[in-house]
Amino acid sequence: DLGTAVIIAGLVLGLLWVAGMKVRHWLVLSGAGAALAAVAVLTNEERTSRILSFLDPSADPYGSGFQLSQSLVALGRGGWFGVGPGQSVQKFQYLPKAHTDMIFAILGEELGLVGAGFIILLFGLFAMVCWHLARRCADPLGRYVLAGCGMLVTLQAVINIGGVIGALPLTGVPLPFMSYGRNSLLVMLLAVGLILSVGRWAPSRPLPVAGKGS
């Protein structure tokens, strides 16, 4: 499952960056991870076909590029303001996995560019709030929890939306809070609960040092 592996790697690299890892060490680790991902793609026929269909979905529109091609059709059909809630045509067996991995394409078809853009804006706002809370948190563990849970949600959203619009290869990860599936929703809500709890109770100022007076 390369998609989940990319999310886990992104979380690890993000937390190492928040923890203050030296830039050169971080770049070396990132490069090694990218090299391993490239090897994983090139040694597996299914992963390689996904990369090729990402680069040129029109080369095989009824084979490996079918899902992305139908996703782009759905997004294009939505136009600026969409065809209306519940009026999607692509979800009726034209677009595979329309209710799970490809739900953003259906949202784009029904709500249009404006509605889809608003969803992206909400995820961006969520990421900014998590980053702000992590920066002002004085407790190191609380800071890592805030940053990690925030990245867990936003990285998954970026990978999913990027795959649906053709900016990234399709990886088969759900869209947080929106894709069908109880397990994904439960994990995302747990992450939000941790963010709210730490953001509320963690100290936001440097902790006083024992033994130091004014």
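Note that the structure is a prediction, hence the values are computed from the model and not measured.

Trainee: Could you give me a rundown of the state of the cysteines, with the residues and numbers involved?
Mentor: By definition, a disulfide links the sulfur atoms of two cysteines through a covalent bond. Inspection of the entire model under this criterion finds zero disulfides. Not engaged in a disulfide, the cysteine Cys137 finds its nearest cysteine sulfur in Cys149; these two sulfurs lie 12 Å apart. Of all cysteine sulfurs in the structure, the one in Cys130 sits closest to Cys149, which takes part in no disulfide; the separation is 8.1 Å.

Trainee: Please provide a residue-by-residue account of the packing of aromatic side chains, values included.
Mentor: Aromatic rings in a pair are described by how distant their centres are and how their planes are angled relative to each other. Within this structure, the stated rule accounts for one aromatic pair. Plain terms: the ring middles of Trp17 and Trp26 are 5.3 Å apart, the flat faces sit at 70° to each other, and that makes the pair edge-to-face.

Trainee: So, the layout of surface pockets: which residues are in play, and what are the values?
Mentor: Quantified by volume, the largest pocket comes out at close to 900 Å³. Looking at the largest pocket, it is lined by 29 residues, and the ones nearest its centre are Leu2, Gly3, Val6, Ala37 and Thr171. Residue contributions to the lining of the largest pocket peak at nine residues, all from helix α1 (residues 2–18). Taken together, 20 residues line the second largest pocket, and the ones lying closest to its centre are Arg50, Gln67, Leu170, Thr171 and Gly172. Elements with a contribution of two residues or more to the lining of the second largest pocket: α3 (45–55), α4 (66–78) and α6 (140–165). Partitioning the lining of the second largest pocket into residue classes produces eight nonpolar, nine polar and three charged.

Trainee: Could you give me a rundown of the environment of Leu175, with the residues and numbers involved?
Mentor: Relative to the elements of secondary structure, Leu175 occurs in the loop between α6 and α7 (182–201). What makes Leu175 buried here is its relative accessible area of 0%. With 26 residues separating them in the primary sequence, Leu175 and Cys149 have C-alpha atoms 15 Å apart. Residues within four places of Leu175 in sequence aside, it is in contact with Ile103, Phe104, Leu107, Phe123, Ala157, Asn160 and Ile161.

Procedures and definitions
Residues numbered from 1 in each chain as written. Predicted model: local features only at pLDDT ≥ 70, side-chain atom pairs only at ≥ 80, totals over all residues. Heavy atoms only, no water. Disulfide = S-S within 2.5 Å. Phe/Tyr/Trp six-rings, centres within 6.5 Å; stacked < 30°, edge-to-face > 60°. 1 Å grid on protein atoms, 1.4 Å probe; cavity = no way out; pocket = protein on both sides within 12 Å on 5 of 7 lines; lining within 4 Å. Points joined across faces, edges and corners; volume = space filled by probe spheres on them. Helix = DSSP H or I, 4+ residues; strand = E, 2+ residues; numbered from the N terminus. Nonpolar A, V, L, I, M, F, W, Y, C, P; charged D, E, K, R; others polar. Buried < 20%, exposed > 50% of the residue type's maximum accessible area, 1.4 Å probe, protein only. Contact = heavy atoms within 4.5 Å.

As far as function goes, none of this settles anything; it's purely spatial.
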